[in-house]
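Summary of the model geometry
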Amino acid sequence: ENAKYITVAGLHKRAQRFFDALHGKISIQEAKEKILTTRNKDYCLIYSLIPLRDEKDQQERYLFFTEFLRESKKYGAQRQLSERRTVDIAFENLARNAGYEDTDLFIYEMESKDLRVIQMYEEGVSAEGYTLKLVLSEGKVKVQIAGQNGKLIQKLPASLAKNQAAEEILACRKSEESKRIRLKKLLEQSMEEQKEFSFEQICTITRQPLIRSFFEKLILTDGRSAFVFREGSILDLQTKSPAQGGKFTIAHPVTLQKTSMLREAMKYVIANDIRQPFKQVFREMYLLSEGERNAEEVLRFKGFNVNLKRAVAALKNRGWGVSEDIGLRKVYYRQNTVAAVFREFDYYYIYDFDNEDRELESVLFLERKSADILPLAKIDPIVFSETLRDVDLIVSVSVNNVYDYELSMSTIEMRRAMVESIVGILGLQNISFLKENVKVEGTYGTYIVNIRTGLVFKEGRGNLLLKTIDNYDKPLALDFIDEDPVTADIVTKLLVLSNDAAIRDGNILDEIRK
């Protein structure tokens, strides 16, 4: 009755339905039928608000929404985005309904309680003498098929084409593969937002093989040291002693650098040949420069022309949106901060005129409620780093500008850390490090390689005309470390020059012997 006085237009009916859902006046069956027949978004939210009966009901509703989201791929991009947002809100409602404070933790625990899926990984299913089992291989979910003699078979036998158990595990594999992509993105968001997990929560959610495989490749931190997850235990990266409790976050490189554990983490990842689910340890990192500590805006990208359509498209999956008052912006709710790229931005300008290019001016940070511009020194370092990483992405997809690797104030630091890790692992004794250069003591002289540009100089000779061959058609040999081709260029030059006595190429010898 009161709903009509707290809403505008016809929204009071919507408010009444939500009220009825919260008080159990709408049945679960009625809500499900409405969603299945009309894909009504209001009833999705209603279904998440109806009081839960038990844990089984909670699990069923979660699986229902994941299936609803999977089916939305049949429709257009706008409808997919709308239904994705609806399901996100439904998950938040369902998490609160179940008594969880954190929606992400609710999702992780729901995934870990799907016992049928866990059985598919651990035991598999039997079908006409064959054993089919889900396995994680090269970061993907695959079906492993074994015959009666235990010998592995590459393809599904024709006799199992219509077998019910085989169809079930194949459907499960498809579901797990889409879940793998979804959970990977969710874990990255957890790192960016520095969401905390208790020791017990990590032990619970890692019962799910997919989540466990992710955690085993990530570095954790308690704010003082770095940890790794191994065989159900959380071990200190340096002492290898097990942690008995406490709170942990997925470590951001900014935090690892602050605790002086970044290089140790890099060495661990390289030495164990770990391909992380997303860029964590070797993530591009952006730190305040001395000149920016007393400033209110970032001017590193000033002067670059960016394509507006591409900018919006590139950042839509990174949480950025369009606002009429401050343009392209991202809201960090936990830090109460809004990052803005353009001071002014007319969304319709993109579609009404042929000129789609806009010059970047500065990156601003605003207080979320008052909209006051915040000094850069007060911005959370992770928020600052992630924002500039996204702006760098805008520049990289711009039609008018080539990606400039000198933009990042911390690129030098990251490259230096990577090179130090590789040199240490390979045991190269004739390489030492200066401020922005690497010094190589070779047979034919002493070489200096600049970390910023990759240029090579020889003491007493000057600049050497040495260049590695660029190849963008296939992945770099070091793609598990960094996608930056300059890093690969520097590492190549260092490895060759550190053993210059073994060089047989005439052109290179002519250059270094002068």
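Residues numbered from 1 in each chain as written. Predicted model: local features only at pLDDT ≥ 70, side-chain atom pairs only at ≥ 80, totals over all residues. Heavy atoms only, no water.

**Quick word on the packing of aromatic side chains**
Applied cut-off: Geometry of aromatic contacts follows a simple scheme: Phe, Tyr and Trp rings, the Trp one being its six-membered ring, pair when their centres are within 6.5 Å, and the pair is stacked under 30 degrees between planes, edge-to-face over 60, tilted otherwise. Only protein chains enter the area calculation, which uses a 1.4 Å probe; residues under 20% of their type maximum are buried, those over 50% are exposed, and those in between are partly exposed. A run of DSSP states H or I qualifies as a helix once it reaches four residues; a run of E qualifies as a strand once it reaches two. Both are numbered from the N-terminal end.
Counted according to the given criterion, the structure contains 12 aromatic pairs. For the pair Tyr 100 and Phe 106, a centre-to-centre distance of 5.3 Å together with 70° between the ring planes defines the contact as edge-to-face. Judged by its relative accessible area of 17%, Tyr 100 is buried. Judged by relative accessible area, which is 0%, Phe 106 ranks as buried. Ring geometry for Phe 215 and Phe 229: centres 6.5 Å apart, planes at 70°, overall edge-to-face. Here Phe 215 is found in helix H11 (residues 209-215), whereas its partner Phe 229 is found in strand E7 (residues 226-230), with 14 residues between them in sequence.

**Regarding the environment of Gln 16**
Relative to the assigned elements, Gln 16 resides in helix H2 (residues 11-22). Separated by 14 residues in the primary sequence, Gln 16 and Asn 2 have C-alpha atoms spaced 8.8 Å apart.

**A word on the pairing of strand E2 (residues 130-137)**
As a reminder of what qualifies: When DSSP locates at least two bridges between a pair of strands, those strands are taken to pair.
Note: strand E1 (residues 125-127) against E2, three bridges, orientation antiparallel. Looking at the pairing, Ala 127 lines up with Tyr 130 of E2. Connecting the antiparallel pair E1 and E2 is a turn made up of two residues, with Glu 128 showing a positive phi of about 50°. In the sheet, E2 pairs with strand E3 (residues 140-146) via seven bridges, with the strands oriented antiparallel. By the bridge assignment, Leu 132 is partnered in E3 with Ile 145. Between E2 and E3, which pair antiparallel in sequence order, lie two residues; one of them, Glu 138, sits at a positive phi of approximately 55°.

**Some points on a nonpolar patch on the surface**
Our working rule: Residues enter a patch when their relative accessible area is above 30% and they make no salt bridge; the linking distance is 9 Å between like charges and 5 Å between nonpolar side chains (Val, Leu, Ile, Met, Phe, Trp, Tyr). Here the open area of atoms and residues is found with the Shrake-Rupley method and a 1.4 Å probe, where only the protein chains shown may cover a residue. The salt bridge definition used is simple: a Lys or Arg side-chain nitrogen within 4 Å of an Asp or Glu carboxyl oxygen.
On the surface, Ile 425, Leu 426 and Leu 495 cluster together into a nonpolar patch covering about 250 Å² of accessible area. The topology assignment puts Leu 495 in helix H18 (residues 485-497). Overall, the relative accessible area of 38% leaves Leu 495 in the partly exposed class.

**Overview of the packing of helix H4 (residues 41-49) against helix H5 (residues 55-71)**
Note the threshold: Note on geometry: axes are C-alpha line fits, over the in-contact stretch for helices, and angles between N-to-C directions span 0 to 180 degrees. Working rule for angles: under 35 degrees goes down as roughly parallel, over 145 as roughly antiparallel, 65 to 115 as roughly perpendicular, anything else as oblique. Here is the rule for handedness: rotate from the far helix to the near one, and if that takes an anticlockwise turn smaller than a right angle the crossing is left-handed, while a clockwise turn gives right-handed. Contact criterion: two residues are considered in contact whenever any of their non-hydrogen atoms come within 4.5 Å of each other. Just so you know the grouping, Ala, Val, Leu, Ile, Met, Phe, Trp, Tyr, Cys and Pro go in nonpolar, Asp, Glu, Lys and Arg go in charged, and all remaining residues, Gly too, go in polar.
Running from N to C, H4 and H5 point in directions that differ by 160°, and their axes come no closer than 10 Å. Considering their axes alone, H4 and H5 lie roughly antiparallel with respect to each other. Crossing geometry of H4 relative to H5 is assigned as left-handed. Only Arg 61, Phe 64, Phe 65 and Phe 68 of H5 make contact with H4, whose side of the interface consists of Cys 44, Tyr 47 and Ser 48. Counted by class, the contact of H4 with H5 contains five nonpolar, one polar and one charged residues.

Note that every value here comes from positions in space, so none of it alone points to a role or purpose.
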